[in-house]
Amino acid sequence: MSHVQFEYTSPRLEGEVIVPGDKSISHRSIIFGSISHGITKISNFLDGEDCHRTIDAFREMGVQIEKEGSSVLVHGNGLEGLKKPAGAFDFGNSGTTTRLMLGLLSGLPFETKIFGDASLTKRPMDRVVTPLREMGAAIHGQEDGKYLPITVHGGALKGITYRLPVKSAQVKSAVLLAGLVAEGETVVQEDTETRNHTEVMLQAFGADLKQKKEGIVVTNKGKLTACDVEVPGDISSAAFFLAAGAIVPGSTVTLKNVGLNASRTGILDVVKQMGAAITVSNERTTGGEKIGDLTIKYTALKGTTVEGEVIPRLIDEIPILALLATQAEGKTVIKDAEELKVKETDRIEAVCQNLTTLGANITPTEDGMIIEGPTRLTGGTISSYMDHRIAMMGVIAALVSESPVKMDEKDSINISYPTFFDDLEAILQ
Ligand code: S3P
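It should be emphasised that the depicted structure is a prediction, and the values quoted were computed from it without experimental measurement. (Residues numbered from 1 in each chain as written. Predicted model: local features only at pLDDT ≥ 70, side-chain atom pairs only at ≥ 80, totals over all residues. Heavy atoms only, no water.)

Engineer: Sorry, what's going on with the overall build of the protein chain here?
Structural biologist: In terms of helices and strands, the protein chain carries 14 helices and 23 strands. A compact globule built from 429 residues should have a C-alpha radius of gyration of about 22 Å, and the protein chain, at 21 Å, falls within 12% of that. Across its three principal directions, the C-alpha atoms of the protein chain cover 60 × 45 × 45 Å. Counting every position in the protein chain, which comprises 429 residues, the buried fraction comes to 59%. Expressed as a percentage of contacts within the protein chain between residues at least 6 apart in sequence, the contacts between residues at least 24 apart total 76%. For the protein chain, the accessible area works out to roughly 15,700 Å², and carbon and sulfur atoms hold 48% of it. (Helix = DSSP H or I, 4+ residues; strand = E, 2+ residues; numbered from the N terminus. Rg over C-alpha atoms; globule rule 2.2 N^0.38 Å. Buried < 20%, exposed > 50% of the residue type's maximum accessible area, 1.4 Å probe, protein only. Contact = heavy atoms within 4.5 Å. Areas by Shrake-Rupley, 256 points an atom, 1.4 Å probe, with all protein chains shown as cover.)

Put into structure tokens, the structure is as follows:
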């Protein structure tokens with residue numbers, strides 16, 4: 001197999017990056033726009049492969065979705081306007097599309113079939129299938145619905161009270177989406193807060209959803225009405241340049257219009273705790289979501305412990321955080337992050353394997369990893385594991401490696417950050 005090589009001699013990063021739209025919010029804007037009445041205009045939509053899976057799904061169910069300049073227009077005709085698709089849905093690599101759509105499709109009056117790529121086929125779906133079955137959904141799939149391919153025989157649902165057994169916004173969202181059509185109240189309870197974009201956006205579209213003492217409560221009583229959405233920049237994408245700015249000597253990087261919803265800013269809390277010099281400016285709120293600019297300057301970092309409630313608030317940033325920790329003085333311990341094993345790949349294994357190859361001192365644990373720093377990385381040959389965030393970590397690692405980093409592919413980056421290399425190039429001095 002031919003490898004791609006990344007080599008940066010004495011790099012320094014300086015300048016501004018406008019990071020692309022948030023992946024989670026982009027998916028939700030298509031879903032809620034498609035099931036509401038009227039035209040939803042979405043600006044700064046993430047043009048990545050995962051979000052296109054969600055667009056394709058609704059087009060296949062008869063929703064007109066088009067580009068207008070840099071915006072996306074969704075012509076929603078309500079839930080009742082959705083039609084049975086001609087064929088099976090191919091959700092590719094997208095866990096968010098699959099889990100959220102399972103919730104929605106469970107309550108629609110027709111049968112649908114879902115499959116995905118090799119990675120998605122290995123990811124657990126029982127976490128959504130179990131509560132949806134409790135609501136009355138008829139779902140059949142591999143190993144009793146644990147894995148794709150899955151067939152959903154949509155129909156009448158009833159509300160349930162569900163306490164999340166896993167810290168997962170996708171599970172929460174699937175149950176809330178099913179709750180939009182279910183008879184009676186659907187209540188979701190979570191011990192640790194996960195990203196709340198579904199709740200924020202459903203309220204903006206007019207759903208009957210309230211945060212109450214007993215949990216998040218939704219009914220089928222709200223009438224969903226189209227609503228313009230400005231998608232904030234994705235903090236999970238920004239994190240790669242935030243980390244790069246923090247560890248590449250002499251750097252100063254500003255990341256513009258980054259989403260700063262408190263359920264997503266764990267990475268900022270942790271890097272500040274490690275001593276990073278970050279400032280936040282131009283804070284504002286759009287559609288219930290906080291946005292601002294982040295400026296990071298290179299400075300010496302120290303190790304820390306990352307555990308407990310912060311984990312869901314930075315779960316997608318752990319690969320790049322691990323790289324950052326290799327450059328920090330002392331020990332960094334990451335715990336309570338067993339969810340990493342069921343991401344696009346087993347990210348505990350992928351991160352530890354790759355960073356070990358590159359010369360880091362890192363040890364995998366059952367629920368995270370331990371990193372001893374600082375180590376000057378050597379470079380070497382690694383794999384992206386076909387996982388966009390592992391691939392981007394590999395490229396950023398090359399900025400602090402003595403010799404080139406070679407990787408088996410880089411195209412997986414298009415899943416969440418198609419302009420990653422252009423943005424890197426623009427700030428590379
Ligand atoms: C997401 C939730 C998280 C995250 C994923 C996107 C979402 O997954 O890792 O990238 O949009 O709800 P889990 O819900 O599985 O933790």
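Next comes the rest of the account.
Engineer: Before we go on, may I ask you to explain unusual backbone geometry in this structure?
Structural biologist: One can expect most non-glycine residues to show negative phi and most peptide bonds to be in trans. Cis geometry is found at the peptide bond from Leu148 to Pro149, where omega equals -5 degrees. Along the chain, Pro149 turns up in strand 9 (residues 147-153). Residue Pro374 is bonded to the preceding Gly373 through a cis peptide linkage, with omega at -5 degrees. Here the phi dihedral of Ser10 falls at roughly 40 degrees; this positive angle occurs in a residue that is not glycine. Here Ser10 is to be found in the loop between strand 1 (4-6) and strand 2 (14-18).

Engineer: How should the sheet that holds strand 18 (residues 305-306) be read in this particular structure?
Structural biologist: Sheet strands pair via backbone hydrogen bonds, and the direction of the pair is either parallel or antiparallel. An order of 18-19-21-20 is seen for the four strands of this open sheet, with the pairing classed as mixed. In the strand order of this sheet, the two ends are held by strand 18 and strand 20 (361-365), each with one partner. Sheet topology note: the strand 19 (residues 330-334)/strand 21 (residues 368-373) ladder contains five bridges and is antiparallel. For Lys331, the partnering residue across the bridge sits in strand 21 and is Glu372. (Pairing = 2+ DSSP bridges.)

Engineer: Quick question: what am I supposed to make of the site of the ligand here?
Structural biologist: Around the ligand, 13 residues are found, and the nearest of them are Ser24, Arg28, Ser168, Asp316 and Lys343. In the environment of the ligand, an oxygen atom lies 2.7 Å from a nitrogen or oxygen atom belonging to the side chain of Ser24. Here an oxygen atom of the ligand and a backbone polar atom of Ala169 are 3.0 Å apart. Contact with the protein chains covers 95% of the free accessible surface of the ligand, which is 380 Å². A molecule is said to occupy a pocket when more than half its atoms come within 2 Å of that pocket's grid points, and by this definition the ligand occupies the largest cavity. Among the secondary structure elements, those contributing two or more residues to the shell around the ligand are helix 1 (23-34), helix 3 (95-105) and helix 7 (169-179). Tallying contributions element by element places helix 1 first for the shell around the ligand, with three residues. For the shell around the ligand, a count of residues per class yields two nonpolar, four polar and seven charged. Here the shell around the ligand spans two domains, and each of domain 1 (4-20 + 232-427) and domain 2 (23-230) adds at least three residues to it. (Near = heavy atom within 4 Å. Polar contact = N/O pair within 3.5 Å; in protein donor to acceptor, adjacent residues only side chain to side chain. 1 Å grid on protein atoms, 1.4 Å probe; cavity = no way out; pocket = protein on both sides within 12 Å on 5 of 7 lines; lining within 4 Å. Sits in = over half its atoms within 2 Å of the grid points. Nonpolar A, V, L, I, M, F, W, Y, C, P; charged D, E, K, R; others polar. Domains from an automatic or database assignment.)

Engineer: Would you mind going over the environment of Val306 with me for this structure?
Structural biologist: Assignment of secondary structure puts Val306 in strand 18. Filtering out sequence-adjacent residues up to four positions away, Val306 remains in contact with Val270, Ile311, Leu314, Leu321, Val333, Ile334 and Lys335.

Engineer: In this structure, what is going on with the domain arrangement of the protein chain? I would like to understand it.
Structural biologist: Many authors give the size of an interface as the accessible area that is lost as the parts come together. Here the protein chain is described as being made up of domain 1 (4-20 + 232-427) and domain 2 (23-230). Between the C-alpha centres of domain 1 and domain 2 there is a distance of 29 Å. Listed by partner, the interface residues are 30 residues for domain 1 and 24 residues for domain 2. When domain 1 packs against domain 2, the two sides together hide about 2,400 Å² of surface, and 47% of this comes from carbon and sulfur. (Buried area = accessible area lost by both parts, 1.4 Å probe.)

Engineer: When you look at the nonpolar core in this model, what are you seeing that I'm missing?
Structural biologist: Most often, soluble globular proteins have nonpolar side chains that are buried together. One finds Phe241, Leu255, Leu321 and Met369 to be the most contacted residues of the largest nonpolar core, which totals 76 residues. Element by element, the count of residues in this core is highest for helix 9 (residues 235-247), at 10 residues. When residues no more than four places from it in sequence are discounted, the contact partners of Leu321 are Ile267, Val270, Val271, Met274, Val306, Leu314 and Ile334. Membership of the second largest hydrophobic core comes to 63 residues, among which are Ile25, Ile35, Met101 and Leu176. (Core = buried A, V, L, I, M, F, W, Y, C linked by side-chain atoms within 4.5 Å.)

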